[in-house]
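For reference, the chains in residue letters:
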Amino acid sequence: MGALFGICGTDDAAILTYHGIYAGLHRGHEGAGICVAGGGENFCCEKKPGVLSRVFDASQLAKIPGRLAIGHTRSATCGEYNSVNLQPLVAETRCGMLALAHVGHITNAPELRRTLERRGAKFQSEIDSEVILQLIAHSRRPSLEGAFVECLGMLEGAYSFVVLAKGQLIVARDRRGFRPLVYGKLENSGEEAWVFASETCCLDIVGAAPEGEVEPGEFVLVKDHGQPLKRFFASPQPGGPCAFEHVYVSRPDSVTFGRSVEDSRHDLGRRLAREHPVSADIVV
């Protein structure tokens, strides 16, 4: 599982990312990472095992310069519990420095990994997320956007991810839309920033107004001082969103898959009480 957060277009990117992934701690608390892009080529990236409040000092984060940032909290679905498997993952590629934060499960990751290793790829982690970064890095497409389209066409399974590149964020969601990925707009000191997150509660905590969801099979590019450019890499496919998001995973005050999680849980309780009548005060 885990939580994602990405922001583009504000000088407070680092501290807002901290607050954004803090709101998503219910999705994963085994480790956390934040990567910030300043004005130069290099990224400032910190990630450590443990609960977020023990990993980062919020007052220090507020001093890190940079107008773009991504963050991730980890709940292990593959790979051992250690620093190597924490995200964001960072790599120097032909298209420049990239940092990736991903949630979901790439079902054909072992096959893709073997193919990439035969082509000379050196993997630094055990997690399936690195396959995404390696596919982009080894693409022969002339542009970063083209490399993404090629990569997304090869992935199978469930995924939502945010990628930090020089001067831009790139966001994508699998063609079945298994995991939620929402976005919103933040008005901050006369500036307009765009925010992407696993849940609307992560937007709420930073004061971003929800704008909608990244659609299944869609990827979004947003540059500093620019409007998001939305494109589809594949037609949506049947399979649908994860039922556990409303039953268990999402926070009650979030709107997930276009519906209030709290309302869903109340309705589920009512249906359970009707289907299995019992002499009780509360049915949960």
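**A few points about the side chain of histidine 246**
Argument step 1. Assignment of secondary structure puts histidine 246 in helix H8 (residues 244-249).
Argument step 2. Given a relative accessible area of 11%, histidine 246 falls into the buried group.
Argument step 3. In contact with histidine 246, other than residues within four places in its own chain, are Thr256, Phe257, Arg259, Ser260, Val261, Ser264 and Arg265.

**Notes on the sheet that holds strand E9 (residues 182-188)**
Argument step 1. Taken in spatial order, the seven strands line up as E3-E2-E4-E1-E10-E9-E11 in an open sheet, and their pairing is antiparallel. Looking at strand neighbours, the two that pair on one side only are strand E3 (43-49) and strand E11 (209-213), the edges of this open sheet. Neighbouring strand axes in the sheet, compared pairwise and without regard to direction, differ in orientation by 15° on average.
Argument step 2. Here E9 runs beside E11; their pairing, made up of four bridges, is antiparallel. Bridging across to E11, glycine 184 finds its partner in proline 210.
Argument step 3. Running at roughly 25° to strand E4 (residues 68-74), helix H1 (residues 13-22) makes contact with strand E1 (3-8), strand E2 (31-37), E4 and E9 of the sheet.

**A look at the nonpolar core**
Argument step 1. Membership of the largest hydrophobic core comes to 31 residues, with the highest contact counts inside it found for Ile132, Ile136, Leu152, Leu155 and Phe161.
Argument step 2. Every element with two or more residues in this core is listed here: strand E6 (96-106), helix H4 (109-118), helix H5 (129-137), helix H6 (144-154), strand E7 (157-165), strand E8 (168-173) and strand E12 (218-223).
Argument step 3. Membership of the second largest hydrophobic core comes to 29 residues, among which are Tyr18, Ile21, Ile64 and Ala197.

**A word on the sheet that holds E6**
Argument step 1. Taken in spatial order, the six strands of this open sheet run E5-E6-E7-E8-E12-E13, and their pairing is antiparallel. Edge positions in the open sheet fall to strand E5 (89-93) and strand E13 (229-232), since each of these has one partner strand only. Across the sheet, the mean angle separating the axes of adjacent strands is 20° when strand polarity is ignored.
Argument step 2. The sheet contact formed by E7 and E8 spans six bridges and is antiparallel. Residue pairing in the sheet places phenylalanine 161 in a bridge with alanine 172 of E8.
Argument step 3. With respect to the sheet, H5 is in contact with E5, E6 and E7, its orientation differing from that of E6 by roughly 140°.

**Details of helix H9 (residues 261-275)**
Argument step 1. The end-to-end C-alpha distance of H9, which contains 15 residues, comes to 21 Å, matching closely the 21 Å that a straight helix rising 1.5 Å per residue would cover.
Argument step 2. Three or more residues of H9 are buried, namely Val261, Ser264 and Gly269. The arc that holds the buried residues of H9, viewed along the axis, is 135°, so those residues lie on one side.
Argument step 3. Where the residues of H9 are buried, they touch H8, strand E14 (255-256) and strand E15 (259-260).
Argument step 4. Capping the start of H9 is the job of one residue whose side-chain oxygen sits 3.4 Å from the backbone nitrogen of glutamate 262: serine 260.

**Digging into a nonpolar patch on the surface**
Argument step 1. The grouping of Phe244, Val247, Tyr248 and Leu268 at the surface amounts to a nonpolar patch, some 460 Å² of accessible area in total.
Argument step 2. The element that contributes the greatest number of residues to the nonpolar patch is H8, accounting for three residues.
Argument step 3. Tracing the sequence through the fold places phenylalanine 244 in helix H8.

**As for the pattern of salt bridges**
Argument step 1. If you walk through the whole model with that rule in mind, you get 15 salt bridges.
Argument step 2. Counted as one network, the salt bridges with shared partners bring together Asp11, Arg67, Glu191 and Asp224.

**Notes on the confidence of the model for the protein chain**
Argument step 1. The predicted model of the protein chain has a mean per-residue pLDDT of 88, with 96% of residues at 70 or higher.
Argument step 2. Averaged over each element, pLDDT in the protein chain is lowest for helix H2 (residues 52-55) (79) and highest for helix H7 (residues 200-206) (96).

**A look at unusual backbone geometry**
Excluding glycine, a negative phi dihedral is what most residues carry, and trans is how most peptide bonds are arranged.
Argument step 1. A cis amide bond links glutamine 87 with the next residue in sequence, proline 88, at an omega value of 5°.
Argument step 2. Structurally, the position occupied by proline 88 is in the loop between E4 and E5.
Argument step 3. Even without a glycine there, the phi angle at phenylalanine 257 is positive, about 55°.
Argument step 4. Mapping phenylalanine 257 onto the fold places it in the loop between E14 and E15.
Argument step 5. Since its relative accessible area comes to 21%, phenylalanine 257 is described here as partly exposed.

**Here's the deal with H1**
Argument step 1. Across the ten residues of H1, eight count as buried, placing the element largely inside the fold.
Argument step 2. Taken together, the buried positions of H1 are Ala13, Ala14, Ile15, Leu16, Thr17, Tyr18, Gly20 and Ile21.

The rules behind these values
Sequence order as written defines the numbering, with residues in each chain counted from 1. Two thresholds apply to this predicted model, a pLDDT of at least 70 for residue-level local features and 80 or more for giving and counting side-chain atom pairs, whereas whole-chain, interface and lining totals are computed over all residues. Think of the side-chain values as coming from all heavy atoms in the structure, minus any hydrogens and water. The numbering of helices and of strands both runs from the N terminus, where a helix is a DSSP run of H or I of at least 4 residues and a strand a run of E of at least 2. Buried residues are those whose accessible area, probed at 1.4 Å on protein chains only, stays under 20% of the maximum for their type, while exposed residues exceed 50% and partly exposed ones sit between those limits. What makes two residues a contact is simply this: any of their non-hydrogen atoms within 4.5 Å. Between any two strands, at least two bridges found by DSSP are needed for them to pair. All axes are obtained by fitting lines to C-alpha atoms, using only the stretch in contact for helices, and the reported angles, taken between N-to-C directions, cover 0 to 180 degrees. Among the buried residues, those of types Ala, Val, Leu, Ile, Met, Phe, Trp, Tyr and Cys that are joined through side-chain atoms within 4.5 Å form a nonpolar core. The span expected for a helix works out to 1.5 Å for each residue beyond the first. Throughout, the arc means the angular range of directions from the helix axis out to the C-beta atoms. Distance and chemistry together define a polar contact, namely a pair of N or O atoms within 3.5 Å, with one atom able to donate a hydrogen and the other to accept it when in protein, and with adjacent residues in sequence counting only for side-chain atoms on both sides. For patches, a residue must show more than 30% relative accessible area and have no salt bridge; joins then use 9 Å for like charges and 5 Å for nonpolar side chains, namely Val, Leu, Ile, Met, Phe, Trp and Tyr. The Shrake-Rupley method, run with a 1.4 Å probe, gives the accessible areas here. Residue values count only the displayed protein chains as cover. The term salt bridge refers to a side-chain nitrogen of Lys or Arg lying within 4 Å of a carboxyl oxygen of Asp or Glu. The score called pLDDT rates the predictor's confidence residue by residue, from a low of 0 to a high of 100.

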